[in-house]
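Here is what each chain is made of, one letter per residue.
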Amino acid sequence: MDLYEYQGKDLFRRVGIPVSAGRLATTPEEARTAAEELGGPVVVKAQVLTGGRGKAGGVKLADDPADAEAKARDILGLDIRGHVVHTLWIEKASDIEREYYLSITFDRGAKKPLFMFTTQGGVEIEQVAEENPDALVRLHVDPLAGFQPWVARRLVYGGGVEDPSEQKQIAAIVERLYRAFVEFDAMLCEINPLIVTPEGEVKALDSKFTVDDSGLFRHPDIAEWRDPTAADPIETFAREKHVTYVKLDGDVGVLANGAGLGMSTVDVVAHAGGRPANFCDLGGGGSAEGVVDALEVITRDEQVRSIFFNIFGGITRCDEVARGILAALERLDMSRYPIVVRLDGTNAEEGRRILADAGREDIHPEATMLDGARRAVELAGAAA
Ligand code: GDP
Ligand code: MN
């Protein structure tokens, strides 16, 4: 789950990373009041779950409350890379002497958290990595040893920070960022820019924070921050039903058991000249309950024209899946959807017989994955 800037900054504040005072606003009038309360110049910042807001006109300085109201009027409703601005973060403006970059994320290859730091902040980190790779310090943390003070020192010295007060402040921020990363089950914590003010104070001017969905049950306060309007409604429904589902933009609904087979099925549908409507992993079991839930999710997508069940029975038994499909068809109105079923592996014969005995015209058995995909694509085309 991606957090908004103001939410990430809230977590920064909790671990002691310095951030500026600010207020939320959803109308120009609220922005004005916020600026009055904060006093002095403010920054009006679009709260959207995408980066590059500055370049897109979503971050603007305002001299006084009236200006803040005007800037809020400009930014509210703006479409930033497909994200419409409904909320603003009004923050006390900072003077910037220098802009640095600090992040921690998982390096899946190394199976360790990875810190990245550079004094060339403010721009996209990919750009620094490409144009000035020596300026980017990368350092892994051994998760068993945990955070050690030398990690912070090596980042700070490696990045070429010379001022002792700055070194000390950044080292403290590095340690606190690690704490935030672990404590809040984060996948990514990024500060860009981490600024130095003319007075020599270091603070986080921006926040990009991703919390691991699988860790959210440990953080009910963070889970509550999820913004249902920012998520795809079908994916939200899938999450409620505990169905593993990713929406795609085609018309062939795909159900497979196992993530690997699910992804292969998506590929094979594309290979057969079709467009998958989704990725959906039925998981183990294949119970009627699981099939009903998955079908309910998939058929919420109005683009779906046909459905392709691709099941390879290992622990999952094909006869159980076949019964699940029939039970699901009894409980749901699936009359709009031709269903192609390919069963292979454990108890496949029995599964096929169960489906054949049901004598339903809307079920189309196929023997192989490729034939199944072709059939589903053909049926989707005929239904369109
Ligand atoms: P992003 O474009 O989505 O990464 O949004 P940021 O929060 O990083 O803001 C973009 C840029 O706006 C920053 O890199 C700063 O240069 C500038 N900015 C943001 N807040 C302030 C501020 O308080 N004072 C000044 N002078 N500039 C700011
Ligand atoms: Mn930024």
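It should be noted that the structure appears before, not after, this text.
Now for a quick tour of the structure. (Residues numbered from 1 in each chain as written. Chains lettered and ligands numbered in written order. Predicted model: local features only at pLDDT ≥ 70, side-chain atom pairs only at ≥ 80, totals over all residues. Heavy atoms only, no water.)

## Section: the packing of helix 9 (residues 259-271) against helix 13 (residues 369-383)
Right, so step 1: Across the interface, helix 9 lies against helix 13 with an axial gap of 9 Å and an inter-helix angle of 55 degrees. With respect to their mutual orientation, helix 9 and helix 13 come out oblique. As for how helix 9 packs across helix 13, the hand of that crossing is right-handed. The segment helix 9 lies against helix 13, with L261, S264, T265, V268, V269 and H271 engaging M369, L370, A373 and V377.
Right, so step 2: Per-class residue counts for the contact of helix 9 with helix 13 are seven nonpolar, three polar and no charged. (Axes fitted to C-alpha atoms, helices over the stretch in contact; angles between N-to-C directions. Helix = DSSP H or I, 4+ residues; strand = E, 2+ residues; numbered from the N terminus. Parallel < 35°, antiparallel > 145°, perpendicular 65-115°, else oblique. Left-handed = near helix turned anticlockwise from the far one by under 90°. Contact = heavy atoms within 4.5 Å. Nonpolar A, V, L, I, M, F, W, Y, C, P; charged D, E, K, R; others polar.)

## Topic: the pattern of salt bridges
Right, so step 1: One pass over the full model with this rule turns up 30 salt bridges.
Right, so step 2: Where E5 meets K45, a salt bridge forms, and the shortest distance between an N and an O atom there is 2.7 Å. Residue E5 is found in helix 1 (residues 5-15), and its partner K45 is found in strand 3 (residues 42-46); the two are separated by 40 residues along the sequence.
Right, so step 3: Residue classification places E5 among the buried positions, given a relative accessible area of 3%.
Right, so step 4: Measuring nitrogen to oxygen at the nearest pair gives 2.9 Å for the salt bridge that ties D362 to R360.
Right, so step 5: Of the residues examined, D362 reaches a relative accessible area of 18% and is grouped as buried.
Right, so step 6: Each of E5, K9, K45, R53, E91 and D206 takes part in salt bridges that share partners, so that together they form one network. (Salt bridge = Lys/Arg side-chain N within 4 Å of Asp/Glu carboxyl O. Buried < 20%, exposed > 50% of the residue type's maximum accessible area, 1.4 Å probe, protein only.)

## Regarding the sheet that holds strand 2 (residues 22-25)
Right, so step 1: Ordered in space as 2-7-3-4, the four strands form an open sheet in which the pairing is antiparallel. Looking at strand neighbours, the two that pair on one side only are strand 2 and strand 4 (59-62), the edges of this open sheet. Across the sheet, the mean angle separating the axes of adjacent strands is 25 degrees when strand polarity is ignored.
Right, so step 2: With four bridges joining them, strand 2 and strand 7 (residues 88-92) adopt antiparallel strand pairing. Bridging from a neighbouring strand, A25 pairs with L88 of strand 7.
Right, so step 3: Docked against the sheet, helix 1 engages strand 2, strand 3 and strand 7, running at close to 45 degrees with respect to strand 7.
Right, so step 4: Together, strand 3, strand 4 and strand 7 form the strand contacts of helix 3 (residues 65-75), whose direction differs from that of strand 4 by roughly 165 degrees. (Pairing = 2+ DSSP bridges.)

## Here we look at the environment of A62
Right, so step 1: You can see A62 is positioned in strand 4.
Right, so step 2: For the pair A62 and P41, spaced 21 residues apart in sequence, the C-alpha separation works out to 5.6 Å.
Right, so step 3: Sequence-distant contacts of A62, that is, excluding residues within four places in its chain, are made with P41, V42, V44, D67, A68 and K71.

## Considerations on the packing of aromatic side chains
Right, so step 1: Here the structure, examined in full by the defined rule, presents nine aromatic pairs.
Right, so step 2: Measuring from ring centre to ring centre gives 6.4 Å for F184 and F209, while their planes differ by 65 degrees; the resulting arrangement is edge-to-face. Taken as a pair, F184 in the loop between helix 6 (164-183) and strand 11 (186-196) and F209 in strand 13 (residues 208-211) lie far apart in primary sequence, 25 residues in all. Here the two residues F184 and F209 agree in accessibility, since each one is buried.
Right, so step 3: An aromatic cluster of at least three residues, connected via ring pairs, comprises Y4, Y6 and W89. (Phe/Tyr/Trp six-rings, centres within 6.5 Å; stacked < 30°, edge-to-face > 60°.)

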